[in-house]
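# Coordinate analysis (summary)
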Amino acid sequence: MNAAIRAVTRMGIYVGAKVYLVYEGYQGLVDGGDNIKLANWQNAVSCVCLTQGGTVIGSARCKAFTTREGRLAAAFNLVKRGISNLCVCGGDGSLTGANIFRSEWSGLLEELVKKGRITAETAKQHGHLNIVGLVGSIDNDFCGTDMTIGADSALHRITEIIDAITTTATRYLALVSALASGADWLFIPEAPPEDGWEELMCARRSKGSRLNIIIIAEGAINRSGQPITSNYVKDLVVSRLGYDTRVTVLGHVQRGGTPSAFDRVLSSKMGVEAVVALLEAGPDTPACVIGLSGNQAVRLPLIEAVEMTKEVQKAMNEKRFEEAIQLRGRSFENNWNIYKLLAYQKPAAVPSQYSIAILNVGAPAAGMNAAVRSAVRVGLATGHRVYIVNDGFDGLANGAVNEVSWNQVAGWTGQGGSLLGTKRTLPSTCMEKLVENLNKFRIQSLLVVGGFEAYEGILELVEARGRYDELCIPMCIIPATISNNVPGTDFSLGSDTAVNAAMASCDKIKQSATGTKRRVFVVETMGGYCGYLATTTGIAVGADAAYIFEDPFNIHDLKTNVEHLTEKMKKDIQRGLVLRNEKCHEHYTTDFIHKLYSAEGKGIFDCRVNVLGHLQQGGVPTPFDRNYGTKLGVRAVQWLTEKMTDSFKQGRVSANTPDTACVVGLYKKVLTFSPVTELKDQTDFEYSKLYNINSSFFTVHTT
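As the structure is a computational prediction, the values presented were derived from the model and not from experiment. (Residues numbered from 1 in each chain as written. Predicted model: local features only at pLDDT ≥ 70, side-chain atom pairs only at ≥ 80, totals over all residues. Heavy atoms only, no water.)

### Some words on the overall build of the protein
A count of helical and extended segments in the protein gives 24 helices and 27 strands. Taken over the C-alpha trace, the protein has a radius of gyration of 27 Å; the compact-globule value for 703 residues is 27 Å, and the two agree within 12%. Along the three orthogonal principal directions, the C-alpha set of the protein runs to about 90 × 70 × 50 Å. Burial statistics for the protein: of 703 residues in total, 58% are counted as buried. Relative to all contacts within the protein whose residues are 6 or more apart in sequence, the contacts with residues 24 or more apart total 77%. Accessible area for the protein stands at about 28,600 Å²; split by element, carbon and sulfur atoms hold 49% of it. (Helix = DSSP H or I, 4+ residues; strand = E, 2+ residues; numbered from the N terminus. Rg over C-alpha atoms; globule rule 2.2 N^0.38 Å. Buried < 20%, exposed > 50% of the residue type's maximum accessible area, 1.4 Å probe, protein only. Contact = heavy atoms within 4.5 Å. Areas by Shrake-Rupley, 256 points an atom, 1.4 Å probe, with all protein chains shown as cover.)

### Observations regarding the packing of helix α15 (residues 368–382) against helix α23 (residues 623–646)
Taken N-terminus to C-terminus, the directions of α15 and α23 make an angle of 35 degrees; their axes are 7 Å apart at the nearest point. Helix-helix and strand crossings are classified by hand; for α15 and α23 the assignment is right-handed. Where α15 abuts α23, its residues Ala370, Ala371, Ser374, Ala375, Val378, Gly379 and Thr382 lie against Arg626, Gly629, Thr630, Gly633, Val634, Val637 and Thr641. In the contact of α15 with α23, the residues fall into 6 nonpolar, 7 polar and 1 charged. (Axes fitted to C-alpha atoms, helices over the stretch in contact; angles between N-to-C directions. Left-handed = near helix turned anticlockwise from the far one by under 90°. Nonpolar A, V, L, I, M, F, W, Y, C, P; charged D, E, K, R; others polar.)

### Regarding the pairing of strand β4 (residues 85–90)
Counted residue by residue, β4 has 5 buried out of 6 residues, so it is predominantly covered. Note: β4 against strand β5 (residues 130–135), 6 bridges, orientation parallel. Within the sheet, the bridge partner assigned to Val88 lies in β5 and is Gly133. (Pairing = 2+ DSSP bridges.)

### A closer look at the pattern of salt bridges
Opposite charge on two side chains permits pairing when their charged atoms draw close. Counted under the stated rule, the structure contains 25 salt bridges. With its nearest N and O atoms 2.8 Å apart, the salt bridge here joins Asp507 to Arg264. Within this pair, whereas Asp507 is found in helix α19 (residues 495–511), its partner Arg264 is found in helix α11 (residues 261–280), the two being separated by 243 residues in sequence. With a relative accessible area of 25%, Asp507 lands in the partly exposed category. Of the charged contacts in the structure, one is a salt bridge between Glu318 and Arg320, with a shortest N-O distance of 2.7 Å. (Salt bridge = Lys/Arg side-chain N within 4 Å of Asp/Glu carboxyl O.)

### Describing the environment of Lys643
Secondary-structure assignment places Lys643 in helix α23. Under the relative-accessibility criterion, Lys643 is labelled buried at 17%. For the pair Lys643 and Ser654, spaced 11 residues apart in sequence, the C-alpha to C-alpha distance is 9.6 Å. Those residues within four positions of Lys643 in sequence are excluded, and the remaining contacts are Pro474, Asp659 and Thr660.

### Quick notes on a nonpolar patch on the surface
Residues Tyr14, Val15, Trp41 and Leu279 make up a contiguous nonpolar surface patch of about 420 Å² in total accessible area. In this structure, Leu279 sits in helix α11. Take Leu279: its relative accessible area is 52%, and that puts it in the exposed class. (Patch = residues over 30% accessible without salt bridge, like charges linked within 9 Å, V, L, I, M, F, W, Y side chains within 5 Å.)

### A look at the packing of aromatic side chains
Counting across every chain of the model gives 21 aromatic pairs. Each ring, one from Phe187 and one from Trp197, has its centre 4.9 Å from the other, and the planes form 70 degrees; the classification is edge-to-face. Of this pair, Phe187 sits in strand β7 (residues 185–187) while Trp197 sits in helix α9 (residues 197–206), and the two are 10 residues apart along the sequence. Considering the side-chain rings of Phe624 and Tyr628, the 5.4 Å spacing of their centres and the 40 degrees angle between planes classify their relative orientation as tilted. Taken as a pair, Phe624 and Tyr628 lie in helix α23 at a separation of 4 residues, close to a single helical turn. Among the aromatic residues, those joined into a cluster by ring pairs are Phe262, Phe491, Tyr532, Phe624 and Tyr628. Positioned over the ring face of Phe76 is Arg117, at 4.1 Å from the centre of the ring. Between the NZ or CZ atom of Lys346 and the centre of the ring of Tyr344, over which it lies, the distance is 4.2 Å. (Phe/Tyr/Trp six-rings, centres within 6.5 Å; stacked < 30°, edge-to-face > 60°. Lys NZ or Arg CZ within 6 Å of the ring centre and 35° of its normal.)

### A closer look at the side chain of Glu198
Residue placement: Glu198 occurs in helix α9. Although Glu198 is buried, it forms no salt bridge, and the closest oppositely charged side chain is Arg240 at an N-O distance of 5.6 Å. Apart from residues no more than four positions distant in its own chain, Glu198 is found in contact with Tyr232, Leu236 and Arg240. (Lys, Arg positive; Asp, Glu negative; His and termini not counted.)

### Comments concerning the environment of Gly651
Structurally, Gly651 is set in the loop between β22 (648–649) and β23 (652–653). In this structure Gly651 comes out as exposed when scored by relative accessible area, which is 60%. Residues Gly651 and Gln353, spaced 298 residues apart in sequence, show a C-alpha to C-alpha distance of 9.8 Å.

By themselves, these observations are geometric and do not establish any function.
Okay, here's the thing in structure tokens:
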């Protein structure tokens, strides 16, 4: 929430608005006085941002605001300060209260005039109240948005623990944690298990399926509406199987901790959009809430979204469970269907005549293993022969091809790096042997998980189709690189994990200067010529400057930035942070910028330099990369299956059209398949980046 407060505050000040902070939520609004303070750029507070939950400005449950007298006091305190725009950050209860407040606004002003507390002229000047909501909830149970502020951070808390223990979580958290960890069994309120689930669960374990993780949402029930508790499941396992079983209830561990990079950036995007929505609002504009659809911030009618959220609970109470899942939204329903598909092996209805080979190409990236696991399991569930290839195109040329089973990829979701092994070798260096092995193993489709080299490699194979019939097969690329520079997608696997690694390092670097003299840190990030890591990390940590290749800068820009930071450090700011992409400029190197800031800041601040290096490449995947990889793997295999079926002629697969070799990726709101040949014109091969920076990208020199 704090990132949202900062974003709303600074965007409001930037557009010339007078911005206020309300301490202690609605209680502060009712009490007024020092609870409502004018904000400035440095204290980064909101435009009035009411917060329910953990924030730097405090929060409080407010019984008084549920009464008309309380709302009358709140209206007076707003009008007294000339406030007629509210940005409310909280759950559906907070947003419902805000909408009631808005609907009563005219009547509240009339009552204040009658009581002589304000003049009729003042009431006329503040005739309408504009409200925009930001949803802060770890449960992610607000209808209309794919993600709420705080949910991703809660998933980080869970996945840090879940690989080793049995756990209890809440609805959305339970479902997505199950995807992120490869849990063996999942209980959520929206989908009670069929009668007889106890026997089935124990039978799977007795047949050799390792029952490592059972996830139970706090409101889980059976078909009769009776609660399924963690202790009940524990006793069941102990009594029927005799296994030593432990229960861990995470509770408020899920609610605390440092915000993830995803939450910080999401909050910033939503905060900016909230201010824009308030500026564009008029007397007849209905209250709205800012949500997320795919990769885009969207505005939703507040009251409709709240009512839809209430409909979910009503559907569950009436045992309309399938409808409840649909009401949760497309993302929730998709997660549930994927979990059911991948949780345990089911016999394929009809064995398939098709085969898929899966390989990793380029530098290792977090999420690769999750994508391979889901692709393997979906392929096997569909009845295909599935092969895994070690060491990329080089391994395919050398015959490092092995058929894979369901259990071989168990436990892969949470592992970093590339368990298949990966190399940067391109097909053009070993084309003859590669084609020979495609024929030898009767491979009828290729799934390549990797970075820019994966894109280049598939492009080479497509361009060689005229010479080799064996290459006339469907091919799909799942983008996986920390640089996020693969064309055809806004996000690549591994980039979220890399941003979190860089963010955590920057947080520690800034903290290292606490209590010391004024200090500026110059931090170098990876990413080649692509500035995604530097820019997104800059947003997540509130960097003072971020230098990237895509946004050219000169010595005058550097001079301006140094002078700006110097002025800040003369006041009450004690720490500064400057990020530099490793290849942002040929001459203005990290060492140069370090020396420049050191020289110009002499007597005001000292300067230190940090090169993050390959720590951005390693580590366990974040929940986002695990789940994103899982979804891309499933969708890629489904697409390959469709293409193999459509192009099967005269006893073989023959695919030779541009739309049979694609990059699968998230573009704005949806997963899309973009032909590699069409993306060629958008791609700068010299610098391995897109000409048109994707829509998830932000560029800024000075914050």
